[in-house]
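# Working through the structure, step by step
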Amino acid sequence: MEPLVDSYGRRHNNLRISVTDRCNIRCFYCMPEDAKNFQPKPEILTFEEVERFVRVAVSLGVNKLRITGGEPLLRKDLPVLIEKLARIPGVEDLAMTTNGVLLSQHARALYDAGLRRLNVHLDTLDRERFRQITRRDDFERVLEGIELARSLGFGPIKINAVAVKNLVEADIVPLARYGRERGIEIRYIEFMPLDSQGLWDRSKVLLMDDMLDMLRREIGPLDAVPDQDPRAPATAFRFSDGIGGVGFIASVSKPFCLNCNRIRLTADGHLRYCLFAIEEKNVKALMRGGAGDEDIAALIRVSVGEKWLGHEINSQKFVPPPRPMYAIGG
Ligand code: SF4
């Protein structure tokens, strides 16, 4: 079967699957406090539909899967889906991104279902700032969830920290220390224009280079990891003292679209060739309309074939995607 290669020669093997647009926290840079208009249940893909789509995608060369949301742990019986996906021949990597609030309750079942890789979204180690950012008081629960996941043997565990300028500067070094003490890689994510309220502007982006300077000044020398997979969204660094490392997803200051290998399936069954895509393909209508697997495969190929070179955050032409982050998934 021909691999999924776009018109720029990029081979796509990484599928992000959003299983819900709902969330149990309200990060101000993602979701309004009074968010509503979530997709009604019948509009959300069933586990069987997700599994079917993944089997078709795997037949086209996809071998890396990431479960996202909203908050995926709000999806009832998620371990059932994890088990289905982990059993598909050809799936080499299965990971999940969660805000960690419900991790303590579900970690054991997720582990037993075959999940091993976790990214936990945590921007701060300060309870008050956690509350300020998320508008919820679940800080302790997130830390408990991380500790339980470590004790169960999940690994690697990474922490995704969205770096909003003039808000989290005081967290950059403590997070790195937290990670060094626990063998957890901290991934600092440059704030991207994906919020539903149009809050983003460049002055709110804490840049990778500024964070690197802080870490080098406060902790010590950092070296870029050699021979990194250019398709990986994060640029990884290791502390020269050999204790841990950090990564940067620098979509604004150092876009990595030229090596992008990712496509996304939304919870309501739309295929997106890019996080910032304006158009998308309705997979759900196709599947519920009685289409065959070859039709779904053809739709995936068309979508990848239409993929643009990359986001245009740094150009005047930039148009925010019609969907907010919580309805796309990380
Ligand atoms: S912005 Fe779009 S094209 Fe660029 S790396 Fe992300 S998903 Fe890929």
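Up top you'll find the structure we're talking about.
A quick note: this is a predicted structure, and the numbers were derived from the prediction, not measured. (Residues numbered from 1 in each chain as written. Predicted model: local features only at pLDDT ≥ 70, side-chain atom pairs only at ≥ 80, totals over all residues. Heavy atoms only, no water.)

### Examining helix α6 (residues 169–182)
Within an α-helix, residues lying three or four positions from one another point in the same direction, as the helix has 3.6 residues per turn. Here is the rule we go by: Partly exposed describes any residue whose relative accessible area lies between the buried limit of under 20% and the exposed limit of over 50%, with all areas from a 1.4 Å probe on protein chains only and scaled to the type maximum. Numbering goes from the N terminus for both helices and strands, where a helix is a DSSP run of H or I of at least four residues and a strand is a run of E of at least two.
Here α6 has its buried residues at Asp-171, Ile-172, Val-173, Leu-175, Ala-176, Tyr-178, Gly-179 and Arg-180. Gly-183 sits one or two residues past α6 and shows a positive phi near 70°.

### Some words on the packing of aromatic side chains
In plain terms, the rule: The aromatic pairing rule takes the rings of Phe, Tyr and Trp, using the six-membered ring of Trp, and pairs them if the centres are within 6.5 Å, calling planes under 30 degrees apart stacked, those over 60 edge-to-face and the rest tilted. Whether a charge sits over a ring depends on NZ of Lys or CZ of Arg being within 6 Å of the ring centre and within 35 degrees of the ring normal.
Considering all chains together, one arrives at nine aromatic pairs under this definition. Between Phe-28 and Tyr-29, the ring centres sit 5.3 Å apart and the planes meet at 75°, which makes this aromatic pair edge-to-face. Classification of Tyr-29 as buried rests on a relative accessible area of 8%. Here a set of aromatic residues connected by ring pairs shows up, and it is made of Phe-28, Tyr-29 and Phe-191. Over the face of the ring belonging to Tyr-111 we find Arg-116, whose NZ or CZ atom lies 3.6 Å from the ring centre. Taking the ring centre of Phe-239 as reference, the NZ or CZ of Arg-180 above it sits at 4.6 Å.

### Side note on the packing of α6 against helix α7 (residues 208–218)
Operational definition: Lines fitted to C-alpha atoms define the axes here, with helix axes fitted over just the stretch in contact, and angles between the N-to-C directions of these axes take values from 0 to 180 degrees. Comment on the angle field: the value is read as roughly parallel under 35 degrees, roughly antiparallel over 145, roughly perpendicular from 65 to 115, and oblique elsewhere. In this scheme, a crossing is called left-handed if the near helix is turned counterclockwise away from the far one by less than a right angle; it is called right-handed if the turn is clockwise. The contact criterion used throughout is that any non-hydrogen atoms of two residues lie within 4.5 Å. Any residue that is not Ala, Val, Leu, Ile, Met, Phe, Trp, Tyr, Cys, Pro, Asp, Glu, Lys or Arg is counted as polar, Gly included; the first ten are nonpolar and the last four charged.
At their nearest, the axes of α6 and α7 sit 10 Å apart, and the two run at 55° to each other. Our classification of the angle between α6 and α7 gives oblique. Crossing angle aside, the handedness with which α6 passes α7 is right-handed. Two secondary-structure elements touch here, α6 through Glu-169, Ile-172, Val-173, Ala-176 and Arg-177 and α7 through Met-211, Met-214, Leu-215 and Glu-218. Across the contact of α6 with α7, the residue classes tally to six nonpolar, no polar and three charged.

### A few points about the site of the ligand
Here is the rule we go by: One heavy atom within 4 Å of a molecule or strand is enough for the residue carrying it to be called near that molecule or strand.
Near the ligand, the surroundings consist of Phe-256, Cys-257, Cys-260, Arg-262, Arg-264, Cys-274, Leu-275, Phe-276, Lys-307, Gly-310 and His-311. Broken down by class, the residue content of the shell around the ligand amounts to six nonpolar, two polar and three charged.

### Things to note about a nonpolar patch on the surface
So the rule is basically this: Patches in this entry comprise residues that are over 30% relatively accessible and not in a salt bridge; like charges within 9 Å are linked, as are nonpolar side chains (Val, Leu, Ile, Met, Phe, Trp, Tyr) within 5 Å. Shrake-Rupley sampling with a 1.4 Å probe provides the accessible areas, and residues are treated as covered by the protein chains on show and by no other component. Counted as salt bridges are all cases of a side-chain nitrogen of Lys or Arg within 4 Å of a carboxyl oxygen of Asp or Glu.
Together, Tyr-8, Leu-258 and Leu-309 give the surface a local cluster of nonpolar side chains, amounting to about 330 Å² of exposed area. Relative to the elements of secondary structure, Leu-258 occurs in the loop between β9 (245–249) and β10 (262–265). In this structure Leu-258 comes out as exposed when scored by relative accessible area, which is 62%.

### Some points on helix α9 (residues 293–305)
Our working rule: By this rule, a helix spans an expected 1.5 Å times one less than how many residues it contains. Summarising the geometry, the arc corresponds to the directions from the helix axis toward the C-beta atoms.
Taking 1.5 Å per residue, 13 residues should reach 18 Å; α9 reaches 18 Å between its end C-alpha atoms and fits that length. When α9 is considered as a whole, its buried residues turn out to be Ile-296, Ala-297, Leu-299, Ile-300, Ser-303 and Val-304. The buried residues of α9 all sit within an arc of 160° when viewed along its axis, so they share a single face. Contacts made by the buried residues of α9 are with α1 (47–59), β10, β11 (270–272), β12 (281–282) and α8 (283–288).

### A closer look at the sheet that holds strand β2 (residues 64–68)
Each strand in a sheet pairs with another by means of backbone hydrogen bonds, the pair being arranged parallel or else antiparallel. Heads up, the rule is: Only strands that DSSP links by at least two bridges are regarded as paired with each other.
Spatially, the 12 strands line up as an open sheet ordered β7-β8-β9-β6-β5-β4-β3-β2-β1-β10-β11-β12, and their pairing is mixed. Each of the sheet's edge strands pairs with one partner strand only, and the pair in question is β7 (222–224) and β12. One ladder, built from four bridges, connects strand β6 (residues 185–190) with β9; its direction is parallel. For Arg-187, the partnering residue across the bridge sits in β9 and is Gly-247. The strands that α6 touches are β5 (157–163), β6, β8 (235–239) and β9; relative to β6, the one it contacts most, it runs at about 150°.

### As for the pattern of salt bridges
Applying the stated rule across the entire model yields 34 salt bridges. Two residues, Glu-48 and Lys-84, come together in a salt bridge whose shortest N-O distance is 3.7 Å. A residue pair is termed long-range when its members are at least 10 positions apart, and Glu-48 in helix α1 and Lys-84 in helix α2 (residues 78–86) qualify at 36 residues. Glu-48 gets classed as partly exposed once you look at its relative accessible area, which sits at 48%. By relative accessible area, which is 17% here, Lys-84 ends up buried. Here Asp-138 ties to Arg-141 by a salt bridge, and the two come within 3.3 Å at their closest N and O atoms. Take Asp-138: its relative accessible area is 11%, and that puts it in the buried class. What you see here is one network of salt bridges that share partners, running through Glu-48, Glu-51, Arg-55 and Lys-84.

### Some thoughts on unusual backbone geometry
With an omega of 0°, the peptide bond running from Gly-69 to Gly-70 counts as cis. Omega for the peptide link from Gly-155 to Pro-156 comes to -10°, which places this bond in the cis form. With respect to the element layout, Pro-156 can be found in the loop between α5 (139–152) and β5. Within the chain, Asn-37 stands out as a residue other than glycine whose phi angle is a positive 60°.

### Looking at the environment of Val-91
By the secondary structure assignment, Val-91 is in the loop between α2 and β3 (93–98). Classification of Val-91 as buried rests on a relative accessible area of 16%. Put simply, Val-91 and Val-62 are 29 residues apart on the chain and 7.5 Å apart in space, counted from C-alpha to C-alpha. Once residues lying within four places of it in the same chain are set aside, the contact partners of Val-91 are Val-58, Asn-63, Leu-65 and Leu-85.

Keep in mind these values describe shape, not function.
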